[in-house]
Amino acid sequence: MSSKSPYYSSLEQEQSTAMDFHHSTSIQSSSDSSYDGINAEASLAFCDILYTIPTGWPWAKSNKVILNSVSGVMSPGLNAILGPTGSGKTTLLDILADRKSSSRVSGSVLVNGRLREDNFRFKTGYVVQDDIVTGSLTVKENFMFSAALRLPSSTSWAQREERVATVIQELGLERCANQKIGTEFFRGVSGGERKRTNIGMELIIEPQVLFLDEPTTGLDAYTAVSVVQLLKRLGSTGNRVVVMSIHQPRYSIFKLFDTLTMLSLGNTVFHGPAHQALPYFNRLGYECEEHDNPADYFLDIINRCELTLKDEKTESTPLLGAPHSAPTDLASEYLGSPECQSVRSSLGPIVEGMVGTKRANGGPLGSLLSIDNYATNFFWQCVVVGFRAAVKIWRNPLTIVMQTLVMVIFALIVGGIYFQLASTPSGMMDRLGVIFFIVMSQVFGNLGAIELFIKERAAFLHESSSGYYRVSVYFLSKSVTDLMIMRMIPLTVFSAITYFMIGFQYDAAKFGVFYLTLALTSMAGAALAFTCSAMVSVFAVANLLVSLIFILYMLFGGFLIGLSSIPDWISWMKYLSIFRYSIEAISVNELQDQWYSEKLGPNGTCPYEVKNATCYADGNLVLKYRGYSLDWLWYDQIALAGTTLGWLILAYIVLRIVKIYYRHFK
């Protein structure tokens, strides 16, 4: 066999210190790669993990294998999962972290020699690939949010603050602890500090196992190395199992790995100490040349072997250091290798001596109906999550200020056009027109509510899956703060301006009905937008869906066409229209028992009643002609409130379904 690469010699030397730290729990570095020294009380073991997903449904339903009998043991330290795109890295990470459907997973996952508990994901840290910290909060405030929700209720506030201070110091974030993370409106901390903040959110609970999905994505080379060095230190000094997936690390990152798991098309092609990967591939006939990054070389080997197995031709140059006699079925080679047999022999005692009566992966019904044990109660979660939602709006005032300013300008324009309408028949018809226009503006003004759940979908799924809060808590906090702040403040200003400028009846009770009706109308429109926002993840699609429903509402509102003129076969749609209830309530509130008169000129005509050369219009008759009921004023309010409640309940149900789908069917 060829001499060792200089990179291999350097790698072996630089990792000797880390290997000494794990002397009692590490994989032996002898030629037989023995795992006999593994300590079952400080390990994450997985045996014969098989993960399949259905494809071709419903015409030719079949199962596609994503992971095929993957096994291994990960000890305290930095454990990396490496492989090309589509190899199953993130899938394996999600399964180990209990974030995949247990109904599609077979095999065993053991933590410290015990079967994984049902609330395992609440006790471990999981850092997603994309940063999801709240940009309008400071680094310390983000940590306090995690500490307030994820630490047990018995933990005092002083202890929570002490834990946050410890994490800030551990991650080296003292300089930017009181600096905001940053949003699209203002710049905040750097990319590396943002990534460390994401990691710190999970370290608050001092997890025994920390999972990270490609933590170096989007970082420059120096920052990426510093982040992985941090993870190395967390695993080494904290007796913590750190598991990360990574695509193509540079050499300065690769040499930090303690254990390396390499995947190819869902199969294991190597699992063992990272410094033994080069000798293993050398033995197969693949030799990494000088000045070549081992990680890059491994990925080149895996990609080329995958192409060969698929009988795909490529015109690229031959792989350097790979003779024609080298095997191409890396998965089969690994299964017959001493490294694989060593893993099997070390897994045997762990599996045989495992503690626990629960299955590591229950059936689909059990996983869907399982009850999550949260660290804090419902009321406390509502306070914390609601406070964060309010702070986010307060610290990003541009949206609410612009929305209120637009409403003020719009109200002044409408009030100016319809200023002090006369009490004449023509003025009565103008009143009906402006009522329709006002209702339409309040309904379509809620299109901005579509982004409520779309914008924070990733954060919601991660935080709810990690045990921060219940779905109901998130829904109530977001919907209430949005309705009360983003909807009611602009509406109040708009109503006060338009009502008195137009010249509606100067009566406190009448204005109260007007305001209440518009408030319920706005909330009903927002509730519909919430439902579509929860249902659809693409803003353009949700916007189109909501606009379509609003237009249908408008058609059956009773203004563009009289309710009595709608064909019988589709007249039932009027009972679903918030336009109908809102226009009817405001029109009855303004026109009921009102007479509008106007002197007729020599050639004047009057479509209403004429007395003494005066045209009289009865508001009650006009309302009945339009199909409105004079006795339905409060029924309209109840209908609007019921519509709002119905859409809100549906939005909550959709959010729960989204969470279930994310965890069990993704």
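If you're wondering where the values come from, they're calculated on a predicted model, not measured in any experiment. Each residue is numbered by its place in its chain's sequence as written, counting from 1. It should be noted that, the model being predicted, local features are given only for residues of pLDDT at least 70 and side-chain atom pairs only at 80 or more, the latter also being counted only at that level, while totals for whole chains, interfaces and linings use all residues. Side-chain calculation: all heavy atoms of the structure are included, whereas hydrogens and water are not.

Turning our eyes to something else, we now look at the overall build of the protein chain. Strands are runs of DSSP state E lasting at least two residues, helices are runs of H or I lasting at least four, and both sets are numbered from the N terminus onward. Within the protein chain, the secondary structure is distributed over 25 helices and 13 strands. Taking all 666 residues of the protein chain together, the buried fraction comes to 55%. Using a 1.4 Å probe, the Shrake-Rupley method yields the accessible areas, and only the shown protein chains count as cover for residues. Summed over its atoms, the accessible surface of the protein chain is roughly 29300 Å², and 59% of this surface lies on carbon and sulfur atoms. Only protein chains enter the accessibility calculation, which uses a 1.4 Å probe; a residue is then buried when its area is under 20% of its type maximum, exposed when over 50%, and partly exposed in between.

Here Ser472 is to be found in helix 20 (residues 471–502). For Ser472, the contacting residues outside a window of four places in its chain are Phe378 and Tyr652. What makes two residues a contact is simply this: any of their non-hydrogen atoms within 4.5 Å.

So, about the pattern of salt bridges. Any Lys or Arg side-chain nitrogen found within 4 Å of a carboxyl oxygen on Asp or Glu counts as a salt bridge. Under the criterion given, the structure shown has 17 salt bridges. The shortest N-O distance in the salt bridge between Lys478 and Glu456 comes to 3.2 Å. Here Glu456 lies in the loop between helix 18 (451–454) and helix 19 (457–465) and Lys478 lies in helix 20, a separation of 22 residues in the sequence. This pair shows no difference in class: Lys478 is buried, exactly as Glu456 is. Linked through salt bridges whose partners overlap, the residues forming this network are Lys392, Glu456 and Lys478.

Right, let's get into the environment of Arg431. Tracing the backbone shows Arg431 in helix 17 (residues 425–444). Using a relative accessible area of 3% as the deciding quantity, one classes Arg431 as buried. For the pair Arg431 and Gly503, spaced 72 residues apart in sequence, the C-alpha to C-alpha distance is 9.3 Å. Residue contacts for Arg431: discarding those within four places in its chain leaves Leu421, Ala422, Ser423, Gly503, Phe504, Glu590, Leu591 and Tyr596.

Quick look at a nonpolar patch on the surface now. In this analysis, a patch consists of residues with relative accessible area above 30% that form no salt bridge, clustered at 9 Å for like charges and at 5 Å for the nonpolar side chains Val, Leu, Ile, Met, Phe, Trp and Tyr. A surface patch of nonpolar side chains, about 770 Å² in accessible area, is lined by Phe185, Leu398, Met402, Leu405, Val406, Ile409, Ile413 and Ile417. Secondary-structure assignment places Ile417 in helix 16 (residues 397–417). Ile417 gets classed as exposed once you look at its relative accessible area, which sits at 63%.

Before going further, it helps to examine the sheet that holds strand 12 (residues 609–611). DSSP calls a pair of strands paired once it identifies at least 2 bridges connecting them. Strand order in the open sheet formed by 3 strands is 11-13-12, and the pairing between neighbours is antiparallel. Two strands close off the open sheet at either side, each with one partner strand: strand 11 (595–599) and strand 12. If you compare each strand with its neighbour and ignore which way they point, the axes differ by 30° on average. Pairing of strand 12 with strand 13 (residues 614–618), which is carried by 3 bridges, proceeds in the antiparallel orientation. By the bridge assignment, Glu609 is partnered in strand 13 with Tyr616. All axes are obtained by fitting lines to C-alpha atoms, using only the stretch in contact for helices, and the reported angles, taken between N-to-C directions, cover 0 to 180 degrees. Contacting strand 11 and strand 13, helix 17 crosses the sheet at an angle of about 135° to strand 11.

The next thing to look at is the packing of helix 16 against helix 17. In a packed pair of helices, the relevant descriptors are the angle between the two axes and the axis-to-axis distance. It is at 12 Å that the axes of helix 16 and helix 17 come closest, and there the two elements cross at 170°. Here helix 17 runs roughly antiparallel to helix 16, going by the angle between their axes. In contact with Met407, Phe410 and Val414 of helix 16, helix 17 contributes Val434, Phe437, Ser441 and Gln442. Among the residues forming the contact of helix 16 with helix 17, the class breakdown is 5 nonpolar, 2 polar and no charged. For classification purposes, angles smaller than 35 degrees are called roughly parallel, those larger than 145 roughly antiparallel, those between 65 and 115 roughly perpendicular, and all remaining angles oblique. Residues are grouped as follows: nonpolar covers Ala, Val, Leu, Ile, Met, Phe, Trp, Tyr, Cys and Pro; charged covers Asp, Glu, Lys and Arg; every other residue, Gly included, is treated as polar.

Where a protein is soluble and globular, its nonpolar side chains tend to be buried together. Formed by 155 residues in total, the largest nonpolar core has its most connected members in Phe143, Ile199, Phe257, Leu260, Met262 and Phe281. Examining the composition of this core, we find that 13 residues originate from one element, helix 21 (residues 508–535), more than from any other. The residues touching Phe281, leaving out its near neighbours within four places in the chain, are Met262, Phe270, Tyr286, Phe298, Ile301 and Leu330. Core analysis: the next-biggest nonpolar cluster, separate from the first, contains 27 residues, Ala97, Val109, Ile132 and Ala459 among them. Take the buried residues of types Ala, Val, Leu, Ile, Met, Phe, Trp, Tyr and Cys, join any two whose side-chain atoms come within 4.5 Å, and each joined set is a nonpolar core.

Although it is not a glycine, Asp48 adopts a positive phi angle of roughly 50°. Its location among the elements puts Asp48 in strand 1 (residues 44–55).

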